[in-house]
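Examination of the molecular architecture
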Amino acid sequence: MTNITFKAQQNPDVSKTVTACVVAPVFTGKKLPAAAQQLDQLASGALSAAIKLGDFSGKSGQKLLLPGAGKAKRILLIGCGDAKKFDRDAARTFTQSVYAAIASTQAKDATVLTADLNIKDTDAAWLLESFARGISASLYRYTETISKPKDAPKIAKLVVGHGADITSRAAQKALNTGHATAVGMNSAKELANLPANICTPRYLADWGRKLAKGNSKLTTQILDEKKMAELGMGALLSVSAGSDEPARLIVMNYKGGKPSQKPYVLVGKGVTFDTGGISLKPGAKMDEMKYDMGGAASVFGTMEAICDIGLAINVIGIVGAVENMPSGRATKPGDVVTSMSGKTIEILNTDAEGRLVLCDALTYAERFKPQAVIDIATLTGACVVALGAHATGLYANKDELAQQLLEAGVTSHDRAWHMPLWDDYQKQLNTNFADVSNLGGPGGGSITAACFLSRFAKKYTWAHLDIAGTAWNSAPKGATGRPVALLTQYLTDRAGK
Ligand code: BES
Ligand code: MN
Ligand code: ZN
């Protein structure tokens with residue numbers, strides 16, 4: 001889907017560069033950066049003339065497309081603001097501007113000169129990775145159920161010129177990692193965008209099988225309802241009870257590290273449609289509950305990315321795939337079920353189903369003797385109220401893991417915010433009729449949902465990401481591919497040690 005290739009090249013000779021479009025950054029101030037200066041010479045002063053006319057000042061986000069010169073068919077200038085203030089935010093604006101300007105042309109290839117971008121607080125590898133990820137992620141289009149999709153941008157190849165502060169080998173690696181991450185993000189978007197009549201638990205299982213087909217380090221195992229019943233997964237199965245689509249537990253095993261190395265485990269909520277069950281949701285915007293498998297989508301996307309990067313660690317991806325429907329066989333409020341852990345759960349609201357799916361998947365994760373377990377779920381509307389669309393809600397039973405995830409979020413610009421998991425909140429889950437209830441009452445809904453999960457994650461280091469606000473946009477509607485970038489960064493950081 002993201003058919004674009006990136007090629008690193010150290011300080012390409014501008015006068016010899018054969019390209020449909022050569023792109024150079026320009027900062028505010030009188031002096032042109034080295035690459036733009038060379039282009040100005042090649043174009044007989046066309047750049048400095050345009051700047052003199054006042055058409056282009058180098059302000060961040062400014063774009064100027066000029067006729068070609070030498071062997072380049074077009075020249076594109078990108079304003080990057082004050083050179084001394086060029087930071088990660090400015091770098092992202094640069095990437096977005098490059099994308100928007102190139103996508104508005106018919107250019108199939110381009111050469112982007114980045115050597116003059118000396119970034120504060122980080123290095124060229126970060127810049128190149130972030131650039132390749134940003135461009136590749138922008139190329140995603142949903143087309144699957146559209147008869148005549150709109151024209152997609154033509155760009156298929158980018159040569160990325162870099163300076164002597166990074167080797168071409170390291171530069172190429174950064175570009176590849178960025179691209180692989182975006183491919184994972186775009187797969188996550190596709191899965192989440194697909195309607196629930198196509199993207200069923202069975203469809204997700206097939207997706208997991210397909211991922212393993214292309215990679216010798218990855219194997220996929222599917223557990224059906226019979227197998228889950230044998231394991232005692234009464235909580236997960238109570239969610240699919242009302243649906244004609246049988247539940248699946250999808251287990252992907254990536255062996256990139258030594259066999260003796262403990263794996264990292266990702267657990268995704270894969271509710272392919274959430275009607276609320278007998279505690280039926282209101283009709284408005286219910287279509288958006290097709291995205292309720294966004295956590296699962298991010299697990300698939302991350303597994304795809306790490307396979308592509310070839311990370312030297314072991315990672316298990318577990319997806320609990322179910323559809324939450326009302327019917328004569330559906331679970332009713334007040335029903336008590338027994339989870340795989342042996343704990344009984346009073347289901348006070350069948351719309352708090354995500355935690356019921358996850359708790360059994362979390363117990364299942366114990367068998368892998370994990371280094372750490374991270375679950376990812378569009379778990380609560382309360383998290384959307386608390387953090388909106390920008391930060392994922394992060395909970396953890398170890399501060400070190402929380403810190404690592406926060407840092408990975410900053411590095412990949414897929415940020416999370418650390419929320420409290422204090423014991424004080426736990427008593428909101430008390431009930432007279434079971435070991436725990438699935439409803440925490442009106443206050444702190446995202447926190448009490450995390451508290452519920454924490455009871456099933458006592459045997460290992462664990463974190464929970466509530467992505468209800470970050471996994472999709474409501475206007476215009478569409479999945480974001482988050483938090484694939486955060487998770488891929490986190491795992492890349494672990495492999496690097
Ligand atoms: N899938 C929803 C959470 C959700 C709501 C995600 C809105 C994105 C946007 C989840 O299964 C749910 O329904 N949660 C309930 C829990 C409540 C019944 C305790 C909620 O948030 O209202
Ligand atoms: Mn629900
Ligand atoms: Zn849900």
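Residues numbered from 1 in each chain as written. Chains lettered and ligands numbered in written order. Predicted model: local features only at pLDDT ≥ 70, side-chain atom pairs only at ≥ 80, totals over all residues. Heavy atoms only, no water.

Two orientations exist for strands paired in a sheet by backbone hydrogen bonds: parallel and antiparallel. In space, the eight strands of this open sheet follow the order β7-β8-β10-β9-β13-β17-β14-β15, with mixed pairing throughout. Edge positions in the sheet fall to β7 (218-223) and β15 (416-418), since each has one partner strand and no second. Ignoring which end each strand starts from, the neighbouring axes of this sheet average 20° apart. Across four bridges, the pairing between strand β14 (residues 392-396) and strand β17 (residues 462-466) is antiparallel. In the strand pairing of β17, Gly-393 is matched with Asp-466. This element, helix α13 (residues 445-454), spans β13 (372-377), β14 and β17 of the sheet and lies at about 145° to β17. Running at roughly 170° to strand β9 (residues 264-274), helix α14 (residues 484-495) makes contact with β9, β10 (314-324), β13, β15 and β17 of the sheet. (Pairing = 2+ DSSP bridges. Helix = DSSP H or I, 4+ residues; strand = E, 2+ residues; numbered from the N terminus. Axes fitted to C-alpha atoms, helices over the stretch in contact; angles between N-to-C directions. Contact = heavy atoms within 4.5 Å.)

Take the coordination of the zinc ion (ligand 3) next. For the zinc ion (ligand 3), the full set of protein donor atoms is Lys-269 (NZ), Asp-274 (OD), Asp-292 (OD) and Glu-353 (OE), at a range of 2.0 to 2.4 Å. Its six donor atoms give the zinc ion (ligand 3) angles of 78 to 176° at the centre, a pattern that matches the octahedral case. Written as a sequence motif, the donor residues of the zinc ion (ligand 3) are K-x4-D-x17-D-x60-E. You can call Asp-292 buried: its relative accessible area is 2%. (Donors = N, O, S within 2.8 Å, 3.2 Å for Na, K, Ca; no water. Tetrahedral: all angles 85-135°; square planar, octahedral: opposite > 155°, others 65-115°. Buried < 20%, exposed > 50% of the residue type's maximum accessible area, 1.4 Å probe, protein only.)

With that settled, the discussion passes to the site of ligand 1. What surrounds ligand 1 is a group of 16 residues, the closest being Lys-281, Asp-292, Asp-351, Glu-353 and Gly-381. Asp-351 places a polar side-chain atom, nitrogen or oxygen, 2.8 Å from an oxygen atom of ligand 1. In the model, a nitrogen atom of ligand 1 is placed 3.5 Å from a nitrogen or oxygen of the Leu-379 main chain. Within the complex, the protein chains bury 78% of what would otherwise be the 510 Å² of accessible surface of ligand 1. Within the shell around ligand 1, the residues separate by chemical class into five nonpolar, four polar and seven charged. (Near = heavy atom within 4 Å. Polar contact = N/O pair within 3.5 Å; in protein donor to acceptor, adjacent residues only side chain to side chain. Areas by Shrake-Rupley, 256 points an atom, 1.4 Å probe, with all protein chains shown as cover. Nonpolar A, V, L, I, M, F, W, Y, C, P; charged D, E, K, R; others polar.)

Time to look at the coordination of the manganese ion (ligand 2). Ideal coordination angles are 109.5 degrees for a metal with four donors arranged tetrahedrally and 90 or 180 degrees for a metal with six donors arranged octahedrally. Here the manganese ion (ligand 2) is held by the protein donor atoms Asp-274 (OD), Asp-351 (O), Asp-351 (OD) and Glu-353 (OE), which lie 2.1 to 2.2 Å from it. What the six donor atoms of the manganese ion (ligand 2) show is an angle range of 71 to 168° at the metal, which sorts the shape as irregular. Read in sequence order, the donor residues for the manganese ion (ligand 2) give the motif D-x76-D-x1-E. Separating the manganese ion (ligand 2) from the zinc ion (ligand 3) is a gap of 3.1 Å, bridged by Asp-274, which donates to each. Since its relative accessible area comes to 1%, Glu-353 is described here as buried.

This paragraph deals with the sheet that holds strand β11 (residues 335-338). The strand order across the open sheet formed by three strands is β11-β12-β16, and the pairing between neighbours is mixed. Here the strands that pair on one side only, and so sit at the sheet edges, are β11 and β16 (436-437). Pairing analysis gives two bridges linking strand β12 (residues 344-347) to β16, with the strands arranged parallel. Within β16, the residue paired with Ile-345 across the bridge is Val-436.

Quick look at the pattern of salt bridges now. A complete count under the given rule lists 16 salt bridges for this structure. Between Asp-287 and Lys-477 there is a salt bridge, with its nearest N and O atoms 2.6 Å apart. Linking Asp-287 in the loop between β9 and α9 (294-309) with Lys-477 in strand β19 (residues 477-479), this pair joins segments that are 190 residues apart in sequence. Residue Lys-477 pairs with Glu-288 through a salt bridge whose shortest N-O separation is 3.7 Å. A residue pair is termed long-range when its members are at least 10 positions apart, and Lys-477 in strand β19 and Glu-288 in the loop between β9 and α9 qualify at 189 residues. Glu-288 sits in the buried class, given a relative accessible area of 5%. (Salt bridge = Lys/Arg side-chain N within 4 Å of Asp/Glu carboxyl O.)

What follows concerns the pairing of strand β2 (residues 22-26). Counting buried positions along β2 yields five of five residues, so the element is predominantly enclosed. By the bridge criterion, five bridges tie β2 to strand β4 (residues 72-79) in an arrangement that is parallel. Each residue of the ladder has a partner; that of Ala-24, found in β4, is Leu-77. Sheet analysis places β2 next to strand β5 (residues 109-113), joined by two bridges and oriented parallel. Residue Val-23 lies in a different strand from β5, and its bridge partner there is Val-112.

This part is about the nonpolar core. With 60 residues, the main nonpolar core has Met-252, Phe-300, Met-303, Ile-374, Tyr-490 and Leu-491 as its most contacted residues. Excluding anything up to four places from it in sequence, Leu-491 contacts Tyr-264, Leu-266, Thr-302, Ile-306, Leu-311, Ile-313 and Val-315. (Core = buried A, V, L, I, M, F, W, Y, C linked by side-chain atoms within 4.5 Å.)

This next bit is on the packing of α9 against α14. At their nearest, the axes of α9 and α14 sit 9 Å apart, and the two run at 45° to each other. Classed by the angle they form, the pair α9 and α14 counts as oblique. Two packed elements cross with a definite hand, and for α9 against α14 that hand is right-handed. Packed against α9, whose contacting residues are Ser-298, Gly-301, Thr-302, Ala-305, Ile-306 and Ile-309, the element α14 presents Val-484, Leu-487, Thr-488 and Leu-491 at the interface. The class makeup of the residues in the contact of α9 with α14 is six nonpolar, four polar and no charged. (Parallel < 35°, antiparallel > 145°, perpendicular 65-115°, else oblique. Left-handed = near helix turned anticlockwise from the far one by under 90°.)

In this section: helix α1 (residues 34-42). Listed as buried for α1 are Ala-35, Ala-36, Leu-39 and Asp-40. In an axial view of α1, the angular spread of the buried residues amounts to 140°, which keeps them on one side of the axis. Its buried side turned inward, α1 meets β2, α2 (46-52), β4 and β5. One or two steps after α1, the chain reaches Ser-44, where phi turns positive at roughly 50°. (Arc of directions from axis to C-beta.)

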